[in-house]
Amino acid sequence: MIQIFLFALFAANVFAGQIDTVTVYSPSMNRWVKNIVIVPEDTGMREAFPVVYLLHGYGGDHQSWIRIHPGLPELATRYGVILVCPDGKNSWYWDSPVVPTQKYETYVIRELIPYTDAHYKTIPQRKGRAVTGLSMGGHGGLWLGFRHPDLFGACGSTSGGVDIRPFPENWEMEKWLGRYRENRERWDAYTVINQLHRLRPDSQAIIIDCGTEDFFYEVNTALHRKLLDNHIPHDYLTRPGGHNAAYWKNAIEYQLLFFHLFFNRMNSV
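Residues numbered from 1 in each chain as written. Predicted model: local features only at pLDDT ≥ 70, side-chain atom pairs only at ≥ 80, totals over all residues. Heavy atoms only, no water.

Colleague: Quick question: what am I supposed to make of the confidence of the model for the chain here?
Modeller: For any part of a model where pLDDT is low, the fine detail of the predicted coordinates should not be relied upon. In this model, the chain carries a mean pLDDT of 92, and residues with pLDDT of at least 70 account for 93%. Confidence over residues 1-14 falls short of pLDDT 50; this stretch has two contacts with residues more than four positions distant or in other chains. (pLDDT = per-residue confidence, 0-100. Contact = heavy atoms within 4.5 Å.)

In structure tokens form, the structure reads like this:
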């Protein structure tokens, strides 16, 4: 019995990978930011791994994704991918035009990505990098992905707030953008659905999903239609589900498979 227990414990450790909590200094915000980094089990056969940046939702933190899906280390090992989960506070992953010290887009793009590439065995190119997230983080995944196609070869969103304008008084957005009534042009410029002019057909692998009972379902469907109108290829998935952890736990497994297939295509060329 002891031998069986030890073998099971060893097997769990082999396939689970490792979870690091790292604190990265942000010069742009003059603060330290916590991040979870999930590293796949390294057998020594691979020189480098692709990276998926996972962004949490409003009210969450760097531990949100591992709480939602404790099996992420096993998925990281299965797909041979590093997962990075930053603490984005309630920032919506913008550089706020109202609060100069709120620069979470700069943090991810200019500070966290270089840190990750310097400290882990990554593929430091767009072909080995993706970003996605849930809710506020779904907005963030597409906001960062669409605005930085030179860095992200793939991007996604699950239950994302992909058009913020129908929700002007929610989730502290006025704190970072100013009141909607007085700043409509700014809100137009800071919503994901108005970033499609930055995209070229086939320039990125894009995956979007949303539950049919989610309050963001209509804006996600509108984004899907606008992508179709602009001839931008993408995967759009809907299924029964609301705005909750049960839906996101299921959704991230589809998204990680999607990114795994993208990385395999890009790195087999």
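Colleague: Could you clarify how one ought to interpret the packing of aromatic side chains in this entry?
Modeller: Two aromatic rings are characterised by how far apart their centres lie and by the angle between their planes. Scanning the model with the defined rule gives 15 aromatic pairs in all. On the basis of an interplanar angle of 75 degrees and a centroid distance of 5.3 Å, the ring pair of Tyr-180 and Trp-187 is categorised as edge-to-face. The buried category is assigned to Tyr-180, whose relative accessible area is 18%. These aromatic residues form a ring-pair network of at least three members: Trp-92, Trp-94, Trp-143, Phe-167, Trp-171, Tyr-190, Phe-215 and Phe-216. Positioned above the aromatic ring of Tyr-79, the side-chain terminus of Arg-78 is 5.7 Å from the ring centre. (Phe/Tyr/Trp six-rings, centres within 6.5 Å; stacked < 30°, edge-to-face > 60°. Buried < 20%, exposed > 50% of the residue type's maximum accessible area, 1.4 Å probe, protein only. Lys NZ or Arg CZ within 6 Å of the ring centre and 35° of its normal.)

Colleague: Before we go on, may I ask you to explain the nonpolar core in this structure?
Modeller: If you look at soluble globular proteins, the nonpolar side chains tend to sit buried side by side. The biggest cluster of nonpolar side chains holds 53 residues, and the ones touching the most others in it are Trp-94, Leu-142 and Leu-223. If sequence neighbours within four positions are ignored, Leu-223 has contacts with Leu-142, Val-162, Val-192, Ile-193, Leu-196 and Ile-208. By size, the runner-up hydrophobic cluster in this structure holds 28 residues, among which are Ile-36, Tyr-79, Leu-134 and Ala-205. (Core = buried A, V, L, I, M, F, W, Y, C linked by side-chain atoms within 4.5 Å.)

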